[in-house]
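# An overview of the molecular structure
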Amino acid sequence: MPQVRGRLTEDRVLADLTWLRVGGPADWLFQPADVDDLAAFLKALPEDVPVFPMGVGSNLIVRDGGLRAVVIRMGRGFNGISIEGDRVTAGAAALDAHVAKKAAEAGVDLTFLRTIPGAVGGAVRMNAGCYGAYVADHFVEAEAVTRQGEEVTLTAQDLNFRYRQTDLPEGWVITEATFRGTEGDPEALAQKMADQLAKRDATQPTKDRTAGSTFRNPAGFSSTGKADDTHDLKAWKLIDDAGLRGFCIGGAQMSEKHSNFLINTGAATAEDLESLGEEVRKRVFQSSGIELHWEIMRVGEKA
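Here is a short report on the structure shown in this document. (Residues numbered from 1 in each chain as written. Predicted model: local features only at pLDDT ≥ 70, side-chain atom pairs only at ≥ 80, totals over all residues. Heavy atoms only, no water.)

## What to know about the sheet that holds strand β12 (residues 151-154)
Pairing between sheet strands relies on hydrogen bonds along the backbone, with the strands arranged either parallel or antiparallel. We apply this condition: Each pair of strands is called paired provided DSSP finds at least two bridges between the two strands. Labels follow the DSSP assignment, with helices taken as runs of H or I lasting at least four residues and strands as runs of E lasting at least two, numbered in each case from the N terminus. Each axis is a line fitted through C-alpha atoms, taken for helices only over the stretch in contact, and angles between the N-to-C directions span 0 to 180 degrees.
The strand order β6-β7-β13-β11-β12 describes an open sheet built from five strands, whose pairing is antiparallel. Of all strands in the sheet, those bounded by a partner on one side alone are β6 (81-84) and β12. On average, adjacent strands in this sheet sit at an angle of 15 degrees to one another, irrespective of strand direction. When β6 meets strand β7 (residues 87-91), the two strands line up antiparallel, connected through four bridges. The partner of E84 across the bridge, within β7, is R87.

## A few points about the environment of G129
Cut-off, in case you're wondering: For the exposure calls, accessible area comes from a 1.4 Å probe over protein chains only, and a residue counts as buried if that area is under 20% of its type's maximum, exposed if over 50%, partly exposed in between.
Of note, G129 is situated in strand β9 (residues 129-130). Looking at G129, the relative accessible area reads 9%, which means it is buried. Taking the C-alpha atoms as reference points, G129 and I116, separated by 13 residues in sequence, lie 7.1 Å from one another.

## Here's the deal with the pattern of salt bridges
Any two side chains of opposite charge can pair, so long as their charged atoms come close to each other. Short version of the rule: Basic side-chain nitrogens of Lys or Arg form a salt bridge, by our definition, when they fall within 4 Å of a carboxyl oxygen of Asp or Glu.
Enumeration over the complete set of coordinates arrives at 18 salt bridges. Of the charged contacts in the structure, one is a salt bridge between D16 and R12, with a shortest N-O distance of 2.8 Å. Residue R12 is classed as partly exposed on the basis of its relative accessible area, which comes to 24%. For D167, the salt bridge goes to R162, with nearest N and O atoms at 3.2 Å. Ionic contacts of the salt-bridge type, sharing partners, join the residues D27, R68 and E301 into one network.

## Focus on helix α8 (residues 270-288)
Which entries qualify depends on this criterion: Here, expected helix span is obtained from the residue count minus one, scaled by 1.5 Å.
Between the first and last C-alpha of α8 there are 27 Å, a value that for 19 residues agrees with the 27 Å anticipated at 1.5 Å per step. Looking only at α8, the buried set comprises A270, D272, L273, E274, L276, G277, E279, V280, R281 and V284. One or two residues past the end of α8 sits G289, with phi positive at roughly 80 degrees.

See below:
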């Protein structure tokens, strides 16, 4: 492995770094000190060594056999937030919720980020969104380091934002992103976020070990939260119609509170969680003829 100024750990178990608390070891875990450290490491790393950028593990199942790769996890050197006018620049490790709160305090409306689990790097990569707003709606540009260690600026055209997808190349690591929000009154924005949190807590299992929505909505958009929102092609409705709310395999369960949330009831393995998800996909297809697609990323090898 190349010399680094950050932290490089061999055979690092990843379970405690994911929200679902499952997963085997990565060959290496690299926590870079800063962008220069990251760029130098990737440039020196042999081309045949896979790289997997990992945020806070909020939308991830690491399989029980672990990951044959260098996992790159951003830390304190990548969580800054700066605001200039209506533009908010945040490091890849900055939590989405913190970005929303800091922006609101400055009178900039990025409130849609408040209820999105995870950090900025993952939000950009997945075009995260809720209540009818998406990263793509506010995105200005992002900085990234390529697998070859080159520092680049990415535009919306480069990323080609789609519902829960982008074209970020394999092994590239987002280091920061800039968003543009509309002007708003800080108190009104704070109240808007409080209302969003109350709505989320009333409808989602926020106290359980989950990874957010398990499957993408076949409708091709997230819930808007508005009175005219339709549910016919929502993943949770299809799961309910198949009679799978609360369905379990091992320590994994489709939540009783929101059936598109996969939860670890306490002793689930990654195999339990993925097997449950696949069984739900099979039964929903049998019930409705509609194929559900995973929103949670699944990586690594089975035990």
